[in-house]
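Structure at a glance
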Amino acid sequence: MASESNQDRRGFLKNTGLLTGGALLSSLPFSTQAAKGYHFSVNDTIKVALIGCGGRGTGAAQQALNTKQNVKIVALADTFRDRLDSAYKALTERGLKAADGTPKVDIPEDHKFVGFDAYKQAMALADVVILATPPGFRPSHFEEAVRQGKQVFMEKPVATDAPGVRRVLAAAEEAKKKKLNVVVGLQRRYQPSYRDMIKRIHDGAIGDIVGGQVYWISGGVWQKPRQPNQTEMDYQMRNWYYFNWLCGDHINEQHVHNIDVANWVKNSYPVSCQGTGGRQVRTGKDYGEIFDHHIVDFVYADGTTINSQCRHYEGTYSRVDEMFLGTKGKIEGMEKKSSALMSYNGQPIYTHDAKADGNPYQIEHDELFEAIAKGQYKFSDAERVAKSTMTAIMGRMATYSGKTVKWDEALNSQIDLFPDKLAWDAMPKSLPDKDGFYPIAVPGKTTAV
């Protein structure tokens, strides 16, 4: 007789469409499903497909394998074969085994999919999908995961423009209806120090929040030189961080972490923003079309202003954290080993001891896979993260245009950054001039929304 936990999980998979491989497979005869390897009815293996085989995707897959559940990676998908092969090597070199002695990474060649549509094939083989491609692909991939009835872990941000955010919001509603767990990799939401301190803030420990600052000030990230005979699509895909249709600028791709904390502390989203930004240091053609700094004031409905700063300057002061001012005290440095809520006379109101805190990147997977194994519906991160993504995009709209931008007009923007066609010989919308330089936003001239 099966254990109660196994019975619960099988019922959960059935109820969410996973027992038959999701919506895509529900129309297939059962014998066809079994022949294709979709028969999960007698074991508790949680099958995972990795969509996007870069460093973050590989890391997320490893964290899924490190959970206590019987997790197996059964499919890989990427647009580039070399990245897929690199992920496969990294995932198999530890030789992880399941309780029954079989490999935890079981990916035959016909479960490795390459190309712009590869994600659909990989998803069909899994119970859970990890979405870790560049953010521009997240709306279409999340839509497909929900359509197929899959549980989801996806990386942040979840879009690069307002049309993409609206697609994610719509898919999030469908995921709720289907009771599909969705966890998104804004790991501060799963970090014990943040959870503890922000609960105390919400409980009034430092009074009403009246201001704050959030920072991601660092030296920037990698770049990959253009290769001979490389198509424009291939070049931009390899250098996705520097193109807005793929990344959304670093205020979106990176600083969304801190912006989300501001929204979390305020328990709301800003109604407007204004800001400034540009390219002062990273001005070469290798840096695509993005700015190297953004400074934005986000204004909330109660009049509170949170200042946001992010920049990519090498060899300068660095800071990645958040600080907030309340009517009775303040907090900064929730990332630190021992962060504290402080009164304005310098006395600690409360100090969090982080010595026993786990790794938040691991915790988010631990909690997701535990819920799946128990047949529980617990996580619906997509809507919240879509709105924090929209906050970051609204900030970019303000810095690019130099205008004040309001939430409703930003969310309803019709500016669509995504290419009209996905193919290696197709052209993205932003193209270099004869000298290899890309068009750059000019405040006062660039359209806001």
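Residues numbered from 1 in each chain as written. Predicted model: local features only at pLDDT ≥ 70, side-chain atom pairs only at ≥ 80, totals over all residues. Heavy atoms only, no water.

An unreviewed UniProt entry lists the protein under the name Gfo/Idh/MocA family oxidoreductase, from Spirosoma validum.

**Here's the deal with the overall build of the protein**
In terms of regular secondary structure, the protein is built from 14 helices and 15 strands. For 449 residues, the compact-globule formula gives about 22 Å, and the C-alpha radius of gyration of the protein, at 22 Å, lands near that figure. C-alpha extents for the protein along the principal axes are approximately 65 × 60 × 40 Å. Going through the 449 residues of the protein one by one, you find that 57% of them count as buried. A separation threshold of at least 6 residues defines the contact pool for the protein, and within that pool the share at least 24 residues apart is 74%. A total of about 18600 Å² of accessible surface is found on the protein, and carbon and sulfur atoms cover 50% of it. When the 56 basic and 52 acidic side-chain charges of the protein are each reduced to a single mean position, those positions are 2 Å apart. (Helix = DSSP H or I, 4+ residues; strand = E, 2+ residues; numbered from the N terminus. Rg over C-alpha atoms; globule rule 2.2 N^0.38 Å. Buried < 20%, exposed > 50% of the residue type's maximum accessible area, 1.4 Å probe, protein only. Contact = heavy atoms within 4.5 Å. Areas by Shrake-Rupley, 256 points an atom, 1.4 Å probe, with all protein chains shown as cover. Lys, Arg positive; Asp, Glu negative; His and termini not counted. Charge placed at Lys NZ, Arg CZ, Asp CG, Glu CD.)

**Details of a nonpolar patch on the surface**
Residues V210, L325 and Y344 make up a contiguous nonpolar surface patch of about 270 Å² in total accessible area. For L325, the position within the fold is in strand β11 (residues 319-326). Assessed through its relative accessible area of 30%, L325 is described here as partly exposed. (Patch = residues over 30% accessible without salt bridge, like charges linked within 9 Å, V, L, I, M, F, W, Y side chains within 5 Å. Salt bridge = Lys/Arg side-chain N within 4 Å of Asp/Glu carboxyl O.)

**With respect to the pattern of salt bridges**
All chains considered together, the criterion is met by 28 salt bridges. Put simply, D196 and R200 hold a salt bridge, and the shortest N to O gap is 2.8 Å. Here R200 and D196 lie together in helix α8 (residues 192-202), a separation of 4 residues that amounts to about one turn. We classify D196 as buried; its relative accessible area is 16%.

**Let's talk about helix α7 (residues 162-178)**
Each α-helix turn comprises 3.6 residues. Residues three or four places apart therefore point the same way. Across its 17 residues, α7 extends 25 Å between first and last C-alpha, which sits within 8% of the 24 Å expected from 1.5 Å per residue. Taken as a whole, α7 has its buried residues at A162, P163, G164, V165, V168, L169, A171, A172 and A175. Against α6 (138-147), β6 (182-184), α13 (382-401) and α14 (407-411) lie the buried residues of α7. Capping the start of α7 is the job of one residue whose side-chain oxygen sits 2.9 Å from the backbone nitrogen of G164: D161. K179 lies just past α7 and shows a positive phi near 55°. (Expected span 1.5 Å × (residues − 1). Polar contact = N/O pair within 3.5 Å; in protein donor to acceptor, adjacent residues only side chain to side chain.)

**Focus: the packing of α6 against α7**
Here α6 crosses α7 at 15°, and the two axes come no closer than 9 Å. Considering the angle they form, α6 stands roughly parallel to α7. Both α6 and α7 take part in a crossing whose hand is left-handed. Each of P139, S140, F142, E143, V146 and R147 in α6 lies in contact with α7, whose residues at this interface are G164, R167, V168, A171, A172, E174, A175 and K178. By residue class, the composition of the contact of α6 with α7 is 7 nonpolar, 2 polar and 5 charged. (Axes fitted to C-alpha atoms, helices over the stretch in contact; angles between N-to-C directions. Parallel < 35°, antiparallel > 145°, perpendicular 65-115°, else oblique. Left-handed = near helix turned anticlockwise from the far one by under 90°. Nonpolar A, V, L, I, M, F, W, Y, C, P; charged D, E, K, R; others polar.)

**Focus: the confidence of the model for the protein**
It should be kept in mind that the predicted coordinates are not to be read in detail where pLDDT is low. Confidence along the protein averages 91 in pLDDT terms, with 90% of residues attaining 70 or more. With pLDDT under 50 throughout, residues 1-7 is counted as low confidence; its partners more than four residues away or in other chains account for 5 contacts. Scored below 50 in pLDDT, residues 17-43 shows 47 contacts in the model against residues more than four places distant or in partner chains. (pLDDT = per-residue confidence, 0-100.)

**Brief notes about the pairing of strand β5 (residues 151-154)**
Here β5 shows a buried face lined by Q151 and F153 and a second buried face lined by V152 and M154. As paired strands, strand β4 (residues 128-131) and β5 are joined by 4 bridges and run parallel to one another. The residue of β5 that forms the bridge with I130 is F153. Of the crossover connections in this fold, the one passing from β4 over α6 to the parallel β5 is right-handed. (Pairing = 2+ DSSP bridges. Right-handed = clockwise from strand over helix to strand, strands pointing away.)

**Observations concerning the sheet that holds strand β3 (residues 112-114)**
Spatial ordering of the open sheet is given by β3-β2-β1-β4-β5-β6, a layout of 6 strands whose pairing is parallel. Of all strands in the sheet, those bounded by a partner on one side alone are β3 and β6. Going across the sheet, the axis of each strand differs from the next one's by a mean of 20°, ignoring polarity. Relative to β6, β5 runs parallel, the two being bridged by 3 bridges.

**Observations regarding the packing of aromatic side chains**
All told, the structure shown has 16 aromatic pairs when counted by the stated rule. Ring centres of W222 and Y241 lie 6.1 Å apart, and the angle between their planes is 75°; this geometry places the pair in the edge-to-face category. Taken as a pair, W222 in the loop between β7 (209-218) and α9 (232-238) and Y241 in the loop between α9 and α10 (250-253) lie far apart in primary sequence, 19 residues in all. Assessed through its relative accessible area of 36%, W222 is described here as partly exposed. (Phe/Tyr/Trp six-rings, centres within 6.5 Å; stacked < 30°, edge-to-face > 60°.)

**Section: the environment of A162**
Structurally, A162 is set in helix α7. Assessed through its relative accessible area of 1%, A162 is described here as buried. Along the backbone, A162 and E409 are 247 residues apart, and their C-alpha atoms lie at a distance of 9.7 Å. Excluding anything up to four places from it in sequence, A162 contacts M390, A410, L411 and S413.

**Description of α8**
Listed as buried for α8 are S193, Y194, D196, M197, I198 and I201. Those residues of α8 that are buried are in contact with β7, α11 (256-266), β11, β12 (330-332), β13 (340-342) and β14 (348-351). Two residues or fewer after α8 comes G204, characterised by a positive phi angle close to 95°.

**With respect to the layout of surface pockets**
Of the volumes computed, that of the largest pocket is approximately 680 Å³. Contributing to the lining of the largest pocket are 39 residues, with R56, A132, T133, P134 and W240 lying nearest its centre. Elements with a contribution of two residues or more to the lining of the largest pocket: α3 (55-65), β2 (71-78), α5 (118-123), α6 and α9. No other element matches α3, which puts 3 residues into the lining of the largest pocket. Of the residues contributing to the lining of the largest pocket, the split by class is 17 nonpolar, 12 polar and 10 charged. Its boundaries defined by the atoms lining it, the second largest pocket holds a volume of some 430 Å³. Every residue lining the second largest pocket is counted, 20 residues in all, and those nearest its centre are N244, E289, Y400, I415 and L417. If you tally residues by element for the lining of the second largest pocket, the top one is α13, at 3 residues. Considered class by class, the residues forming the lining of the second largest pocket number 10 nonpolar, 5 polar and 5 charged. (1 Å grid on protein atoms, 1.4 Å probe; cavity = no way out; pocket = protein on both sides within 12 Å on 5 of 7 lines; lining within 4 Å. Points joined across faces, edges and corners; volume = space filled by probe spheres on them.)

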